[in-house]
Amino acid sequence: MNKLISFLFPVFLFGQFDQVANGFGLDIGSSGSGMFVTRHYGHTSEKFALNGELRFYDIKADDETIVYDYYTGQYKTVGGKSLFMLPAFIGANYYPFVGKIENNFSPFITAKGGVVTTLDGKEFGTFSERWKNPVIQFSPGGFLGVGIDFKMIGQSFVMVMVGLEFLPLNKEADGQTDYSGFLIHLSFNRRAK
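Overview of the structure.

What counts, and at which threshold
Residues numbered from 1 in each chain as written. Predicted model: local features only at pLDDT ≥ 70, side-chain atom pairs only at ≥ 80, totals over all residues. Heavy atoms only, no water. Patch = residues over 30% accessible without salt bridge, like charges linked within 9 Å, V, L, I, M, F, W, Y side chains within 5 Å. Areas by Shrake-Rupley, 256 points an atom, 1.4 Å probe, with all protein chains shown as cover. Salt bridge = Lys/Arg side-chain N within 4 Å of Asp/Glu carboxyl O. Helix = DSSP H or I, 4+ residues; strand = E, 2+ residues; numbered from the N terminus. Phe/Tyr/Trp six-rings, centres within 6.5 Å; stacked < 30°, edge-to-face > 60°. Buried < 20%, exposed > 50% of the residue type's maximum accessible area, 1.4 Å probe, protein only. Pairing = 2+ DSSP bridges. Core = buried A, V, L, I, M, F, W, Y, C linked by side-chain atoms within 4.5 Å. 1 Å grid on protein atoms, 1.4 Å probe; cavity = no way out; pocket = protein on both sides within 12 Å on 5 of 7 lines; lining within 4 Å. Points joined across faces, edges and corners; volume = space filled by probe spheres on them. Nonpolar A, V, L, I, M, F, W, Y, C, P; charged D, E, K, R; others polar. Axes fitted to C-alpha atoms, helices over the stretch in contact; angles between N-to-C directions.

## A word on a nonpolar patch on the surface
Then, number 1: Together, I28, F48, Y94, I109, L144, V146, V162, L164, F166, F182 and I184 make up a nonpolar patch on the protein surface, roughly 950 Å² of accessible area in all.
Then, number 2: Listed by contribution, the elements that provide at least two residues to the nonpolar patch are β8 (135–151), β9 (156–166) and β12 (181–191).
Then, number 3: The element best represented in the nonpolar patch is β9, accounting for three residues.
Then, number 4: Turning to its location among the elements, L144 is positioned in strand β8.

Structure follows, in structure tokens:
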């Protein structure tokens with residue numbers, strides 16, 4: 001019996017995710033903002049989905065602001081950090097209300113985890129001077145939240161998620177060892193053909 005279960009579980013888990021979608025989106029979080037690309041695998045039961053994403057996340061300083069320089073006539077950022085994160089997460093969505101809601105939206109619960117690559121550049125100088133030899137570190141990270149899929153006309157859908165992101169660091173970067181916080185995640189997806 002155990003051999004049968006160990007054989008059927010991977011077939012059930014990986015063999016029936018045939019609704020594939022690709023997407024991109026925007027993140028707005030407590031620690032910064034960014035963009036991401038994603039791939040989504042929906043299960044034929046419509047109760048589960050697997051997904052993966054690569055995020056490009058710019059970390060903001062608490063006192064960072066944009067000012068107008070009257071001398072040059074340009075806007076510039078002051079008080080900023082040269083800190084950039086690349087979270088690569090895989091995870092799953094669970095849709096508890098499949099078949100119970102007759103509209104074009106599907107609420108879900110989601111959990112993701114993976115590796116966060118952090119690039120910490122120098123705080124002063126030109127762009128090339130700041131990013132010439134950044135300090136790079138790898139640490140675990142994740143996201144836990146809730147969301148809604150809004151199905152659109154055709155094969156596209158919009159996914160909105162809110163929750164907590166976990167971005168702890170192995171060593172200090174720009175005065176902090178943890179950039180975790182609240183995150184709003186907005187994704188635009190289209191079914192692959």
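There is more to say, and it comes next.
## Observations regarding the packing of aromatic side chains
Then, number 1: With the rule as written, the count across this model stands at three aromatic pairs.
Then, number 2: With a centroid separation of 5.6 Å and 40° between ring planes, the pair formed by F48 and Y94 is classed as tilted. Placement of F48 in strand β3 (residues 48–59) and of Y94 in strand β6 (residues 83–94) is noted, with a sequence separation of 46 residues between them.
Then, number 3: By relative accessible area, which is 37% here, F48 ends up partly exposed.
Then, number 4: Assessed through its relative accessible area of 34%, Y94 is described here as partly exposed.
Then, number 5: Ring centres of Y95 and F108 lie 5.3 Å apart, and the angle between their planes is 55°; this geometry places the pair in the tilted category.

## As for the pairing of β3
Then, number 1: Only one face of β3 is covered, namely the face carrying A49, N51, E53, R55, Y57 and I59; the face carrying F48, L50, G52, L54, F56 and D58 is uncovered.
Then, number 2: From the end of strand β2 (residues 32–42) to the start of β3, which pair antiparallel, there are five residues, and E46 there has a positive phi angle of about 65°.
Then, number 3: Pairing between β3 and β6: nine bridges, direction antiparallel. The partner of N51 across the bridge, within β6, is G91.

## What about the nonpolar core?
Across soluble globular proteins, nonpolar side chains have a tendency to be buried as a group.
Then, number 1: Core analysis: the largest hydrophobic core is formed by 19 residues, its most contacted members being Y57, I59, M85, M159, L167 and Y179.
Then, number 2: Among the secondary structure elements, those contributing two or more residues to this core are β3, β6, β7 (105–120), β9 and β10 (168–173).

## Side note on empty space enclosed by the protein
Then, number 1: The tally for this structure, following the rule as stated, stands at one cavity of 30 Å³ or more.
Then, number 2: By volume, the largest cavity amounts to about 60 Å³.
Then, number 3: Lining of the largest cavity is provided by F36, T38, H40, N51, E53, K112, M159, M161, H185, S187 and N189.
Then, number 4: Listed by contribution, the elements that provide at least two residues to the lining of the largest cavity are β2, β3, β9 and β12.
Then, number 5: Residues belonging to the lining of the largest cavity are distributed by class as follows: three nonpolar, six polar and two charged.

## Things to note about the sheet that holds β7
Then, number 1: Sheet architecture is closed into a barrel: eight strands sit in the order β1-β2-β3-β6-β7-β8-β9-β12, paired in antiparallel fashion. With direction set aside, neighbouring strand axes in the sheet form an average angle of 25°.
Then, number 2: Relative to β8, β7 runs antiparallel, the two sharing 16 bridges. Looking at β8, one finds that T110 is bridged to G145.

Such coordinate-based values are descriptive only and should not be taken to indicate function.
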